[in-house]
Amino acid sequence: MYNAKSSKAEEFINHEEILATLDYAKANKNNRPLIDSIIKKAKNMKGLSYREAAVLLECDIEEEIQRIYKLAKEIKQKFYGKRIVMFAPLYLSNYCVNGCVYCPYHFVNKDIPRKKLTQEQIRDEVIALQDMGHKRLALETGEDPVNNPIEYILESINTIYSIKHKNGSIRRVNVNIAATTVENYRKLKEAGIGTYILFQETYHRETYRKLHPTGPKHDYAYHTEAMDRAMEGGIDDVGLGVLFGLNNYRYDFVGILMHAEHLEATFGVGPHTISVPRIRPASDIDATAYSNAISDDIFAKIVAILRIAVPYTGLIVSTRESKESREKVLELGVSQLSGASRTNVGGYTEDEPVNEDTSQFEIEDRRTLDQVVNWLLSLGHIPSFCTACYREGRTGDRFMTLVKSNQIANCCQPNALITLKEYLEDYALPDTKEKGEALIKEELELIPNEKVRNIAIEKLRLIEQGYRDFRF
Ligand code: SF4
Ligand code: SF4
């Protein structure tokens, strides 16, 4: 039986309920009165149920899809403005005891050299990331209790936060590691992590079992219930994701929204972020073998409907996507973007060309961070290096309350401009700097509160004088 508040995976991600939802969506395919009423409800910007979202996903009337896109753009604008938060992944180790068939780090793959960074090597990687201008990282590592125990992760987080190279610093470390115990989540919280990210890969239990034939990750329930344990351990910002292409996308789309509803119903806080990766080729992995691959159009539709279904949740797109694909979904609601990513262990200190044989997946967007920032500026977006909320204790329900009342805009806009200014002063090439300065000037005018605007102007002046790390 479906029960959003249950602590059991099979009840809060209920297979029969997902199938019934998909049947309902199919039965109502292109049912215009129903679609119109759902879009009308979505205009209140308070979200949609997974059932309503599934009806929109099933719709293929072009006019209705364009209305969904228009609303997604409006919601993006209302809650996130033109801001796009930048981050980079940092791979610590590719040792892994799991057998995930779609990932080259699965333990059976003998073609890739195994590597684990020492604290000294982490230092070098972090300096390379700081020298690009990054302030926010997502730590990635395989699951291996011997090579990558929790102590190693904690020590690495400590190392990362301790490095201050020139004007650089990493101010927020998000962590993407395997499902673990409440005790370990508590330790991660104490180490000062931002968001705990764990991709479900697929919500379809049988497919999940086949894709994860061996290792601890084989346990669907333990994996699916991880966010509940993270919450119990005190981590109140969690990030969901599925790997589109592994399973029927409609099923996983409903699954991820069901998971979001479960978190909201149980803990009063929905997911902080949702990631929407699509499967990519890699060593020992043939992405074309996955018949569930989704087209760019479906991908855009998924992003837009997620935007209107969970307006308070950040949407993340990585460098798995091409520049063109990222450009399209940025408009439709994506709020976080990785830039200049390396998806292999030690990749940031490697000389070009990067050895992709050891990458977790092939990167489609290979531009430098400055090129990505420049491109975003040209498109009228504000690249933001803001990490203020978690450092000000605005996490979990405190964060959500601010977002829901739309008060967060008073923090995000000035913080985006201040952190962009730091980037321009310390790392930007001349053309990027020129575009960025012009945008800051324009966007300052759009801070509604005069007092906040004046403080922001003062902080920008201080940054020019060499001061750093201001925040609202
Ligand atoms: Fe290991 Fe994660 Fe890759 Fe699975 S997806 S093989 S758990 S690194
Ligand atoms: Fe994110 Fe908070 Fe910064 Fe806004 S102020 S960009 S919500 S960290």
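For the structure given in this document, a descriptive report is provided here.

About the thresholds
Residues numbered from 1 in each chain as written. Chains lettered and ligands numbered in written order. Predicted model: local features only at pLDDT ≥ 70, side-chain atom pairs only at ≥ 80, totals over all residues. Heavy atoms only, no water. Helix = DSSP H or I, 4+ residues; strand = E, 2+ residues; numbered from the N terminus. Rg over C-alpha atoms; globule rule 2.2 N^0.38 Å. Buried < 20%, exposed > 50% of the residue type's maximum accessible area, 1.4 Å probe, protein only. Contact = heavy atoms within 4.5 Å. Areas by Shrake-Rupley, 256 points an atom, 1.4 Å probe, with all protein chains shown as cover. Lys, Arg positive; Asp, Glu negative; His and termini not counted. Charge placed at Lys NZ, Arg CZ, Asp CG, Glu CD. Core = buried A, V, L, I, M, F, W, Y, C linked by side-chain atoms within 4.5 Å. Phe/Tyr/Trp six-rings, centres within 6.5 Å; stacked < 30°, edge-to-face > 60°. Lys NZ or Arg CZ within 6 Å of the ring centre and 35° of its normal. Salt bridge = Lys/Arg side-chain N within 4 Å of Asp/Glu carboxyl O. Near = heavy atom within 4 Å. Nonpolar A, V, L, I, M, F, W, Y, C, P; charged D, E, K, R; others polar.

1. Notes on the overall build of the protein chain
(1) Moving on: Across its full length, the protein chain holds 20 helices and nine strands.
(2) Moving on: Taken over the C-alpha trace, the protein chain has a radius of gyration of 21 Å; the compact-globule value for 472 residues is 23 Å, and the two agree within 12%.
(3) Moving on: Along the three orthogonal principal directions, the C-alpha set of the protein chain runs to about 60 × 55 × 40 Å.
(4) Moving on: Expressed as a percentage of the 472 residues in the protein chain, the buried residues total 62%.
(5) Moving on: In the protein chain, of all internal contacts separated by at least 6 residues, the share reaching a separation of at least 24 is 75%.
(6) Moving on: In the structure as shown, the protein chain presents an accessible area of about 18400 Å², 51% of it carried by carbon and sulfur atoms.
(7) Moving on: Seen as two clouds, the 62 positive and the 68 negative side-chain charges of the protein chain have centres 5 Å apart.

2. A few points about the environment of Val238
(1) Moving on: Take Val238: it is sitting in strand 5 (residues 238-241).
(2) Moving on: Not counting chain neighbours up to four residues away, the residues in contact with Val238 comprise Thr195, Tyr196, Met227, Ala230, Met231, Leu263, Pro271, His272 and Thr273.

3. A look at the nonpolar core
(1) Moving on: Formed by 152 residues in total, the largest nonpolar core has its most connected members in Leu188 and Leu337.
(2) Moving on: Contacts of Leu188, omitting those with residues within four sequence positions, involve Ile150, Ile153, Leu154, Ile157, Val175, Ile177, Ile193 and Ile235.

4. Brief notes about the packing of aromatic side chains
In this description, an aromatic ring pair is defined by two values, namely the gap between the centres and the angle between the planes.
(1) Moving on: According to the stated counting rule, one finds eight aromatic pairs in the structure shown.
(2) Moving on: Consider the rings of Tyr2 and Tyr50, whose centres lie 5.7 Å apart with planes at 85 degrees: the pair is edge-to-face. Here Tyr50 lies in helix 4 (residues 50-58) and Tyr2 lies in the segment before helix 1 (9-12), a separation of 48 residues in the sequence.
(3) Moving on: When its relative accessible area of 23% is taken as the criterion, Tyr2 is described as partly exposed.
(4) Moving on: A relative accessible area of 6% means that Tyr50 is categorised as buried.
(5) Moving on: Above the plane of the ring of Phe79 lies Lys78, whose end atom (NZ or CZ) is 5.9 Å from the centre.

5. Some thoughts on the pattern of salt bridges
(1) Moving on: Applying the stated criterion across every chain yields a total of 39 salt bridges.
(2) Moving on: For Arg250, the salt bridge is made with Glu58, and the minimal N-O distance between the two is 3.0 Å. Here Arg250, found in helix 12 (residues 249-267), pairs with Glu58, found in helix 4; they are 192 residues apart in sequence, far enough to count as distant.
(3) Moving on: When its relative accessible area of 27% is taken as the criterion, Arg250 is described as partly exposed.
(4) Moving on: The salt bridge involving Arg468 is made with Asp426; its shortest N-O contact spans 2.8 Å.

6. Let's talk about the site of ligand 1
(1) Moving on: Near ligand 1 you find Cys96, Asn98, Cys100, Cys103, Tyr105, His106, Gly142, Lys217 and Gln360, and these make up its full shell.
(2) Moving on: Class assignment for the residues of the shell around ligand 1 results in four nonpolar, four polar and one charged.

Remember, this is a structural readout, not a statement about activity or role.
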